[in-house]
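Working through the structure, step by step
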Amino acid sequence: MSNRRIGVMGGTFDPVHHGHLVAASEVQARFDLDEVVFVPTGQPWQKSERAVSAAEDRYLMTVIATASNPRFSVSRVDIDRPGPTYTVDTLTDLKVKYPDADLFFITGADALEQILSWRRADDVFGLAHFIGVTRPGYELVDTHLPPGAVSLVEVPAMAISSTAVRARTASGLPVWYLVPDGVVQYISKRRLYSMPD
Ligand code: ATP
Ligand code: MG
């Protein structure tokens, strides 16, 4: 029997939006993945200039957004590990949880550009195959990345960012249809993003 194929979608998910969900769904289908695990980060080191919402809120919004898809799940490995999140630790923990699986780390064009600045960048390529997905406003390139380590995939263009969802909420503009309905309601219930970043 062949190995299980598990996609890993890391992100701050503050909040999760339809750009994340479309990218994960497209890669799931194109790479015939058994499952895509969304992994909300702990306190992210690249965003330390801004207060990121509580991990529990980001986790719950991700659960709400993915609950209806039988191939999507959410992992707590990063939010339960103290300190900032490094992808090498995420993948190492998931390898323990899924010892016989092949891991596919899904990342948008903007994050792929930064990959070489990651802690122990060389190690991460041994733990997972990387899949770079297109994102409006960013160029998808794999220059400087190890040959064969990364696949580039075009996904339906969703010009949505969590930053824009937060800004729209802070200024009273709607976020319906940018994020799943349950996430709109969760943002309102918990009064998230009422202040500008
Ligand atoms: P922020 O604006 O706070 O940075 P974001 O929208 O970039 O939020 P992240 O949680 O930072 O969302 O992104 C998680 C992953 O999803 C990253 O790999 C990112 O490149 C990818 N991603 C985010 N939005 C899109 C999108 N609209 N299309 C494709 N990929 C996306
Ligand atoms: Mg981002």
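The following paragraphs examine the structure supplied in this document.

Rules behind the numbers
Residues numbered from 1 in each chain as written. Chains lettered and ligands numbered in written order. Predicted model: local features only at pLDDT ≥ 70, side-chain atom pairs only at ≥ 80, totals over all residues. Heavy atoms only, no water. Core = buried A, V, L, I, M, F, W, Y, C linked by side-chain atoms within 4.5 Å. Buried < 20%, exposed > 50% of the residue type's maximum accessible area, 1.4 Å probe, protein only. Helix = DSSP H or I, 4+ residues; strand = E, 2+ residues; numbered from the N terminus. Contact = heavy atoms within 4.5 Å. Near = heavy atom within 4 Å. Polar contact = N/O pair within 3.5 Å; in protein donor to acceptor, adjacent residues only side chain to side chain. Areas by Shrake-Rupley, 256 points an atom, 1.4 Å probe, with all protein chains shown as cover. Nonpolar A, V, L, I, M, F, W, Y, C, P; charged D, E, K, R; others polar. Pairing = 2+ DSSP bridges. Axes fitted to C-alpha atoms, helices over the stretch in contact; angles between N-to-C directions. Parallel < 35°, antiparallel > 145°, perpendicular 65-115°, else oblique. Left-handed = near helix turned anticlockwise from the far one by under 90°. Phe/Tyr/Trp six-rings, centres within 6.5 Å; stacked < 30°, edge-to-face > 60°. Lys NZ or Arg CZ within 6 Å of the ring centre and 35° of its normal.

Core analysis: the largest hydrophobic core is formed by 30 residues, its most contacted members being V36, F38, M61 and V133. Only α1 (18-30), β2 (35-40), α2 (55-66), β4 (102-108), β5 (129-133) and α8 (181-189) provide two or more residues apiece to this core. Among residues more than four places away in sequence, those in contact with V133 are A23, V27, I106, T107, G108, A109, L140, V153 and V155. In terms of nonpolar packing, the next biggest core, distinct from the first, is built from 24 residues, A101, W118, A128 and F130 among them.

This part takes up the site of ligand 1. Close to ligand 1 lie 22 residues, the nearest being G108, D110, M158, S162 and T163. Within the backbone of M158, one N or O atom sits 2.8 Å away from a nitrogen atom of ligand 1. Expressed as a share of its isolated accessible area of 600 Å², the protein-covered part of ligand 1 is 91%. Of all the secondary structure elements, the ones that give two or more residues to the shell around ligand 1 are β1 (5-11), α1, β4, α5 (109-113) and α7 (162-170). Per-class residue counts for the shell around ligand 1 are six nonpolar, twelve polar and four charged.

On to the sheet that holds strand β6 (residues 150-153), then. Taken together, the six strands give an open sheet; going across it, the order is β3-β2-β1-β4-β5-β6, and neighbouring strands pair in parallel fashion. A single partner strand is all that each edge strand has here, and the edge strands are β3 (72-74) and β6. The average angle at which neighbouring strand axes cross in this sheet is 25 degrees, direction not considered. Across five bridges, the pairing between β1 and β4 is parallel. Bridging from a neighbouring strand, G7 pairs with F104 of β4. Along the sheet face, α1 touches β1, β2, β3, β4, β5 and β6 and points at about 150 degrees away from the line of β2.

With that settled, the discussion passes to the environment of F130. Position of F130 among the secondary structure elements: in strand β5. When the C-alpha atoms of F130 and V8 are compared, they prove to be 9.5 Å apart, with 122 residues separating the residues in sequence. The contact partners of F130, leaving out residues within four places of it in the chain, are L91, F105, T107, I115, W118, V124, F125, A149, V150 and S151.

We now examine the packing of α2 against α8. Remark: α2 packs on α8, axes separated minimally by 8 Å, with the N-to-C direction vectors making an angle of 155 degrees. Relative to α8, the element α2 lies roughly antiparallel. The hand of the α2/α8 crossing is right-handed. Mapping the contact onto sequence places D57, L60, M61, I64 and A65 in α2 and G182, V183, Y186 and I187 in α8. Broken down by class, the residue content of the contact of α2 with α8 amounts to seven nonpolar, one polar and one charged.

With that settled, the discussion passes to the packing of aromatic side chains. Evaluation of the coordinates by the stated rule reveals eight aromatic pairs. Between the aromatic rings of W118 and F130, the centroid separation amounts to 6.2 Å while the plane-to-plane angle is 55 degrees, which identifies the pairing as tilted. With W118 in the loop between α5 and α6 (121-127) and F130 in strand β5, this pair connects stretches of sequence that are twelve residues apart. Note on W118: relative accessible area 13%, which makes it buried. Aromatic pair F125 and F130: ring centres 5.1 Å apart, planes at 55 degrees, arrangement tilted. Judged by its relative accessible area of 14%, F125 is buried. On the basis of relative accessibility, which here comes to 0%, the residue F130 falls in the buried class. Across from the ring centre of Y59, 4.7 Å away, lies the NZ or CZ of R76, which sits over that ring.

All quantities given are derived from atomic positions and should not be read as evidence of function.
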